Amino acid sequence: MRRAAILFFVLALCGCRADNGGGPEELLPDLVQAPPQALAAVRADDGWRLAFLSAVENEGLGPLVVEGRRPSRAVGTMSVRQLVRRSDGSAATYDVGALLRFAESESHRHWHYLGFERYEILSVRGRVLGRDRKTGFCLGDRYDAQAGLRIRSEPATPLWTQECGRGQPERLRLREGLSPGYGDDYVPVLEGQSVGIDDLPAGSYRLRHRVNVDRALRESDYGNNSASVLFDLTWSQSGTPSVEPVYQG
C-alpha cells in the first residue's frame with residue numbers, strides 16, 4: 001500500500017501516466033521555459049515598456065502537437081485538442097480547453113494558440129505588478145535547442161516549419177507543433193513581447209516567463225515550466241528608463 005502511494009505521488013509530480021496493463025507508452029513532450037533575455041526599455045504608443053526575448057524548448061520523448069477545429073466560419077475561434085503519440089505508433093487525443101484565434105496586426109496574420117506562455121513583472125517579494133497583452137503564439141521548430149547534440153526522438157531536420165495558416169482566416173482545421181530537441185522563440189520587436197513599466201518606481205524587480213501555466217497540455221515534467229530574471233530599473237531626470245539584468249533563476 002505504501003509503495004503504491006509513493007508511486008502515485010511521483011507520477012502526480014512529474015505529470016507522467018502509469019503503465020496500465022503493459023499498454024503502449026505515451027511519448028509526452030517536456031516543455032522547458034528558457035530564462036528571459038535581451039531585456040530593454042522601449043517607447044511605445046501607450047508609454048514605456050520592458051521588452052524581451054522569450055523561448056520554450058521541448059526536451060521530451062515526443063512532440064507537442066495541438067490541433068484546432070471549428071464547425072464553420074461563423075465561429076470565430078477553433079477549439080484545441082492535444083495529440084499525444086504512443087510507442088506503438090498510435091496516438092491519444094485530449095481536449096485542452098484552449099483556443100486558436102486568427103490574429104491580424106502589423107507583424108501577424110495567422111492563427112494563434114492563446115495562453116501558451118505568460119509574462120509577468122513581480123516585486124522581489126513575489127507580488128505581480130504587470131502582465132503582458134500577448135495575442136497568442138504560432139508554434140513551430142524555430143531553432144535547434146542544442147546544436148551538435150541530438151536527443152532521443154529528435155528529428156534530423158525541423159518538421160514544424162509552417163506559418164500557422166498565414167493569410168488563411170477561412171480555415172476550419174489547423175495543426176501546430178514543437179518537435180523534441182527544438183525550440184520556439186519570440187524576439188522583443190514582435191507584438192506582445194513587452195510589459196508596461198510606467199507605474200514602476202526605480203528599484204529591483206523580477207521578470208517571469210511561464211509556459212503551460214494551467215497544465216492543460218500533457219507533459220512528462222511540469223517542474224521546468226517557469227524561469228525568471230532579476231533586473232534593476234532606473235529613471236533619468238528626463239523620465240527615460242533603463243533596465244539592467246542582474247540574476248537569472
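Above this text is the structure in question.
One structure accompanies this document, and this report is about it.

Parameters at a glance
Residues numbered from 1 in each chain as written. Predicted model: local features only at pLDDT ≥ 70, side-chain atom pairs only at ≥ 80, totals over all residues. Heavy atoms only, no water. Helix = DSSP H or I, 4+ residues; strand = E, 2+ residues; numbered from the N terminus. Rg over C-alpha atoms; globule rule 2.2 N^0.38 Å. Buried < 20%, exposed > 50% of the residue type's maximum accessible area, 1.4 Å probe, protein only. Salt bridge = Lys/Arg side-chain N within 4 Å of Asp/Glu carboxyl O. 1 Å grid on protein atoms, 1.4 Å probe; cavity = no way out; pocket = protein on both sides within 12 Å on 5 of 7 lines; lining within 4 Å. Points joined across faces, edges and corners; volume = space filled by probe spheres on them. Nonpolar A, V, L, I, M, F, W, Y, C, P; charged D, E, K, R; others polar. Core = buried A, V, L, I, M, F, W, Y, C linked by side-chain atoms within 4.5 Å. Contact = heavy atoms within 4.5 Å. Pairing = 2+ DSSP bridges. Phe/Tyr/Trp six-rings, centres within 6.5 Å; stacked < 30°, edge-to-face > 60°. Axes fitted to C-alpha atoms, helices over the stretch in contact; angles between N-to-C directions.

All right, on to the overall build of the protein then. Tallying secondary structure elements over the protein gives one helix and 16 strands in all. Relative to the 2.2 N^0.38 estimate, which gives 18 Å for 249 residues, the radius of gyration of the protein is 20 Å and therefore close to what a compact globule would have. Structurally, the protein occupies a C-alpha span of about 70 × 50 × 35 Å along its principal axes. For the protein, the residues scored as buried account for 43% of the 249 residues in total.

Evaluated as defined, the whole model comprises 14 salt bridges. One salt bridge connects Glu-67 with Arg-175, and the closest N-O pair in it is separated by 2.9 Å. Of this pair, Glu-67 sits in strand E4 (residues 64-69) while Arg-175 sits in strand E11 (residues 173-178), and the two are 108 residues apart along the sequence. In this structure, the salt-bridge partner of Glu-104 is Arg-109, at a minimum N-O distance of 3.1 Å. A residue is classified by how much of its surface remains accessible, and Glu-104, at 56% relative accessible area, is exposed.

As a further point, take the layout of surface pockets. In this structure, the largest pocket spans a volume of roughly 440 Å³. Only strand E2 (37-44) and strand E3 (47-58) provide two or more residues apiece to the lining of the largest pocket. For the lining of the largest pocket, the element with the highest residue contribution is E2, accounting for three residues. Of the residues belonging to the lining of the largest pocket, the class tally is six nonpolar, five polar and seven charged.

Take the nonpolar core next. Soluble, globular proteins show a tendency: their nonpolar side chains are buried together. In terms of nonpolar packing, the biggest core is built from 38 residues, with Leu-50, Tyr-113, Phe-116, Ile-121 and Phe-231 touching the most fellow members. When neighbours within four sequence positions are excluded, Leu-50 is seen to be in contact with Leu-39, Ala-40, Ile-121, Gln-193, Ser-194, Val-195, Ile-197, Leu-207, Phe-231 and Val-243.

The next point concerns unusual backbone geometry. Although it is not a glycine, Ala-38 sits at a positive phi angle of roughly 55 degrees. Inspection of the secondary structure puts Ala-38 in strand E2. Residues other than glycine seldom take positive phi values, yet Asn-212 does so here, at roughly 50 degrees. In this fold, Asn-212 is placed in the loop between strand E14 (203-211) and strand E15 (226-235). When its relative accessible area of 4% is taken as the criterion, Asn-212 is described as buried.

Once that is clear, we can look at the pairing of strand E12 (residues 182-186). By the criterion of burial, E12 is predominantly enclosed, with four of the five residues buried. In the sheet, E3 pairs with E12 via four bridges, with the strands oriented antiparallel. Bridged to Ser-54 within E12 is Tyr-186.

The tally for this structure, following the rule as stated, stands at seven aromatic pairs. A ring pair is formed by Tyr-113 and Phe-116, whose centres lie 5.9 Å apart and whose planes are at 85 degrees; its orientation type is edge-to-face. The class of Tyr-113 is buried, set by a relative accessible area of 3%. For Phe-116, a relative accessible area of 2% translates into the label buried. For the ring pair Phe-137 and Tyr-186, a centre distance of 5.1 Å and an interplane angle of 85 degrees mean the geometry is edge-to-face. Of the two residues, Phe-137 is situated in the loop between strand E9 (128-131) and strand E10 (143-144) and Tyr-186 in strand E12; the sequence distance between them amounts to 49 residues. Phe-137 gets classed as buried once you look at its relative accessible area, which sits at 1%.

The next subject is the sheet that holds E4. The five strands lie next to each other as E7-E6-E5-E4-E11, forming an open sheet whose pairing is antiparallel. Only two strands of the sheet have a single partner each, and these edge strands are strand E7 (109-113) and E11. Between one strand axis and the next, the sheet turns by 30 degrees as a mean value, whatever way the strands run. One ladder, built from eight bridges, connects strand E5 (residues 77-85) with strand E6 (residues 91-104); its direction is antiparallel. Paired with Gln-82 across the strands is Tyr-94, a residue of E6.

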